[in-house]
Amino acid sequence: MTSGLADGMRERKSWRGRACIGALRCRCRRRFSPGARPLLAALLLGLLTACGSTPGSRVAVYQNERFEAGETFSRLFDAGVDATCEAARRALLSQGYLLTTVRPDAIAASKHFQPDGEVHVQIAFNVVCAPEGSQGKLATAYVSAIQDRYALKKSSNSASVGVSALGSVSIPLTPSEDSLVKVASETIPAGPFYDRFFALMQRLLAQQVDEQQ
């Protein structure tokens, strides 16, 4: 008798469990319609992508700007602003740079290079001279150079000719319009490039002092 009662209770619990599971499935089906399933999948994919990417995987460019005193684009000279910028002007001219801006306290120049037949490089040089001290006998030259890289883009002309059997056929013509397209641009980092320029400025300043004496 007792075992029969226990079996009956177990069957009721099992039936209730199946009924609850069936009701839950019906609720889920009613709650998420077939049209909302693609949206739900997209949201889940976005969450997985966000969780998979670590915070340090992508470093912003400005994070590399440490503003350290040793890596500077400037040099202090034992001369006034006019003499310092004059030395910068002569240094650029002696290396084949074309002057674009000439002021007593600022110089801008550019130079073109072609390391490859289809690659063109341009360096734009900028120099600003600022006085140091109360008497104006010292000056600091701030220098930065930007390197632009261009690649040759070829676009051939073509003419469309109608052929009865084949329809319209495009025939390339021999003349082509080639154009340079900028593919990269960056400021040349501080280092030996500027050190050589500052050393040339120092030699030219020494020559100016000798000429005045």
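Residues numbered from 1 in each chain as written. Predicted model: local features only at pLDDT ≥ 70, side-chain atom pairs only at ≥ 80, totals over all residues. Heavy atoms only, no water.

Participant: How do you make sense of the layout of surface pockets when you look at a structure like this?
Facilitator: Regions of empty space are outlined by a rolling probe, equal in size to a water molecule, passed over the atoms. Each pocket or cavity is described by its volume, and for the second largest pocket that value is around 200 Å³. Taken together, A91, L92, Q95, Y97, K111, F113, F125, F193, R196, F197 and L200 form the lining of the second largest pocket. Listed by contribution, the elements that provide at least two residues to the lining of the second largest pocket are α3 (81-94), β3 (106-116) and α4 (192-212). In terms of residue count, α4 provides more of the lining of the second largest pocket than any other element does, four residues in total. Class assignment of the residues belonging to the lining of the second largest pocket gives a composition of eight nonpolar, one polar and two charged. (1 Å grid on protein atoms, 1.4 Å probe; cavity = no way out; pocket = protein on both sides within 12 Å on 5 of 7 lines; lining within 4 Å. Points joined across faces, edges and corners; volume = space filled by probe spheres on them. Helix = DSSP H or I, 4+ residues; strand = E, 2+ residues; numbered from the N terminus. Nonpolar A, V, L, I, M, F, W, Y, C, P; charged D, E, K, R; others polar.)

Participant: Looking at this structure, how should I read the side chain of H120?
Facilitator: Here H120 is to be found in strand β4 (residues 119-132). For H120, the side chain forms a polar contact with the side chain of H112, separated by 3.2 Å. Reaching out from H120, the side chain makes a polar contact with the backbone oxygen of F113 at a distance of 3.3 Å. (Polar contact = N/O pair within 3.5 Å; in protein donor to acceptor, adjacent residues only side chain to side chain.)

Participant: I keep staring at the nonpolar core and nothing clicks. Help me out?
Facilitator: For soluble globular proteins, nonpolar side chains are generally found buried alongside one another. Among the nonpolar cores identified, the biggest contains 27 residues, and L92, F125, V127, V143, F197, F198 and M201 are the most heavily contacted of them. Looking at this core, the elements with two or more residues in it are α3, β3, β4, β5 (138-163) and α4. The element that contributes the greatest number of residues to this core is α4, accounting for seven residues. With sequence-adjacent residues up to four places away left out, F198 is seen in contact with F73, S74, R75, F77, A141 and V143. (Core = buried A, V, L, I, M, F, W, Y, C linked by side-chain atoms within 4.5 Å. Buried < 20%, exposed > 50% of the residue type's maximum accessible area, 1.4 Å probe, protein only. Contact = heavy atoms within 4.5 Å.)

Participant: What's the story with the environment of V81 in this structure? I'm lost.
Facilitator: Inspection of the secondary structure assignment puts V81 in helix α3. The exposure class assigned to V81 is buried, which follows from its relative accessible area of 17%. Linking V81 and V128, residues 47 residues apart in sequence, is a C-alpha distance of 9.2 Å. Each residue touching V81, except ones within four places of it in the same chain, is listed here: P104, D105, C129, A130, P131 and A139.

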